[in-house]
Amino acid sequence: MNKHFPHVLLVTTVFALPATAIATEWTMATPYGEASFHTDNVRQFAADVAEATNGELTINVHSGGSLVAHGEIKPSVRRGTIEIGEVFLSVLSNEDPIFEVDTLPGVAGSYEEAYQLWEATQPVISELFANQGLMPLYAVAWPAQGIYTAFDLNDPEQFDGLRVRAPNINTQRFTDYLGGSPTETEESDIPTAFSTGRVDAMITSSSTGNAMTAWDYVTHYTDANLWLPKNIIFVNQRAFERLDEPTQQALLEAAARAEERGWQMSRDDNQASLEALEANGVTVSTPNEAVAAALQAAGDKLFAAWEERAGEQAQQVLQEYQQQRGN
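Below is a summary of the structure that appears in this document. Nothing here was measured: the structure is a model prediction, and the numbers come from that model.

All told, the structure shown has 11 salt bridges when counted by the stated rule. Linking R257 and D48 is a salt bridge whose minimum nitrogen-to-oxygen distance equals 4.0 Å. Residue R257 is located in helix α9 (residues 245-279), and its partner D48 is located in helix α2 (residues 37-52); the two are separated by 209 residues in the primary sequence. On the basis of relative accessibility, which here comes to 37%, the residue R257 falls in the partly exposed class. Taking the relative accessible area as the measure of exposure, D48 reaches 11% and is therefore buried. The closest approach of N and O atoms between R261 and D48, which form a salt bridge, is 3.3 Å. Within this pair, whereas R261 is found in helix α9, its partner D48 is found in helix α2, the two being separated by 213 residues in sequence. A single salt-bridge network, built from bridges that share partners, covers D48, R257 and R261.

Our next topic: the sheet that holds strand β7 (residues 181-183). Hydrogen bonds along the backbone pair up the strands of a sheet, which may run parallel or antiparallel. One open sheet accounts for six strands, arranged β7-β6-β8-β5-β9-β11; its pairing is mixed. Across the chains shown, the open sheet's two edge strands, defined by having one partner strand only, are β7 and β11 (283-285). For this sheet, the mean angle separating the axes of adjacent strands, direction not counted, is 25°. Across three bridges, the pairing between strand β6 (residues 163-165) and β7 is parallel. If you follow R163 over to β7, its bridge partner there is S181. Against the sheet, helix α5 (residues 169-178) touches β6, β7 and β8 (201-205), its axis set at about 160° to β7.

Here strand β3 (residues 84-88) lies mainly inside the structure; five of its five residues are buried. Bridge count between strand β1 (residues 24-29) and β3: two bridges; the pairing is parallel. Looking at β3, one finds that M28 is bridged to I84.

Within the fold, T53 resides in the loop between α2 and β2 (57-62). Residue T53 is classed as buried on the basis of its relative accessible area, which comes to 7%. It is 6.1 Å that separates the C-alpha atoms of T53 and T247, two residues lying 194 residues apart in sequence. Non-local contacts of T53, meaning those with residues more than four positions away in its chain, are made with T247 and A250. Reaching out from T53, the side chain makes a polar contact with the backbone oxygen of V49 at a distance of 2.8 Å.

So, on to the sheet that holds strand β10 (residues 230-236). Read from one edge to the other, the open sheet built from five strands follows the order β2-β1-β3-β10-β4, with strand pairing classed as mixed. In this open sheet, the two edge strands, each paired with only one partner strand, are β2 and β4 (134-141). Within this sheet the neighbouring strands show an average axis-to-axis angle of 20°, counted without direction. Examined bridge by bridge, β4 and β10 share seven bridges and lie antiparallel to one another. Paired with M135 across the bridge in β10 is V235. Here α9 sits on the sheet in contact with β1, β2, β4 and β10, set at roughly 25° to β4.

In this section: the packing of α2 against α9. In contact at an axis separation of 9 Å, α2 and α9 are set at 155° when each is read in the N-to-C sense. Taken together, the axis directions place α2 and α9 in an arrangement best described as roughly antiparallel. The two elements α2 and α9 meet at a crossing, and its hand is right-handed. Facing F37, D40, N41, Q44, F45, D48, V49 and A52 of α2, the residues of α9 in contact are A250, L251, A254, A255, R257, A258, R261, G262, M265, S266 and D269. Of the residues in the contact of α2 with α9, the class split is 10 nonpolar, four polar and five charged.

Reading the values: the criteria
Residues numbered from 1 in each chain as written. Predicted model: local features only at pLDDT ≥ 70, side-chain atom pairs only at ≥ 80, totals over all residues. Heavy atoms only, no water. Salt bridge = Lys/Arg side-chain N within 4 Å of Asp/Glu carboxyl O. Helix = DSSP H or I, 4+ residues; strand = E, 2+ residues; numbered from the N terminus. Buried < 20%, exposed > 50% of the residue type's maximum accessible area, 1.4 Å probe, protein only. Pairing = 2+ DSSP bridges. Axes fitted to C-alpha atoms, helices over the stretch in contact; angles between N-to-C directions. Contact = heavy atoms within 4.5 Å. Polar contact = N/O pair within 3.5 Å; in protein donor to acceptor, adjacent residues only side chain to side chain. Parallel < 35°, antiparallel > 145°, perpendicular 65-115°, else oblique. Left-handed = near helix turned anticlockwise from the far one by under 90°. Nonpolar A, V, L, I, M, F, W, Y, C, P; charged D, E, K, R; others polar.

Structure, rendered in structure tokens:
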């Protein structure tokens, strides 16, 4: 009888062990590469979460579209295939015009205004995400968008037939209004698109130009300050609700820090990127009077078209934001 006692004791001991929390691992997809400040911020966010939860929640970041293509990130998070993702907010504009409001020229022309716009639109965007079982965590702006070309952009007629890389529907419409030919190209494919002649120009930020070593295929950057678009980071609501309350709180606090840090990183990266462009031989300038007028005219058309598509709620949000600015 005694020879079986150790086994009985072992079994009893095992079942008597107190329950312990099981560490949770999340998978995160972002379309942006390791050279992007957005990816740096995301990785710091993941590190903050792991530290704040003592490793009870870890987020494995897959950058550069290596796990999920940009257009599939939001559906994947919604299905629960992955728990968390990052997308360029305006790529969702086919779902609701509110998602493209930050790509309307003249709406927000500085970081301060861009953040005010985010604060004004966040409740509506959060509600739309919630309807799909998603929850936004934070958003970070890109530097203002400009135009990269392999020539000095000094005449509006140069836009005629110009094949322009346009990453979202509003940039495509804007290119159309300028007389160009929009081409949808992911950030990671930009160098190939230029080298193969699929695009002649691109509308994007100083940051993207620096990260993609734009000096390898363009010579000029027209710093047009068109708009400051945002990335949004969001989580599957069910995955969030499965976390215990302290872990949820730690995640939200890390997200708040990531948002504040990310906006400052964007400012810093803009300045550093402009300097890098010039250091590598790219001529950086602002639009001349004729080009500025053409950009303004195209922007006015874009805004008018948005107003026709936007519902009452989206228009009201924008009006309240403009009233806050004193416009």
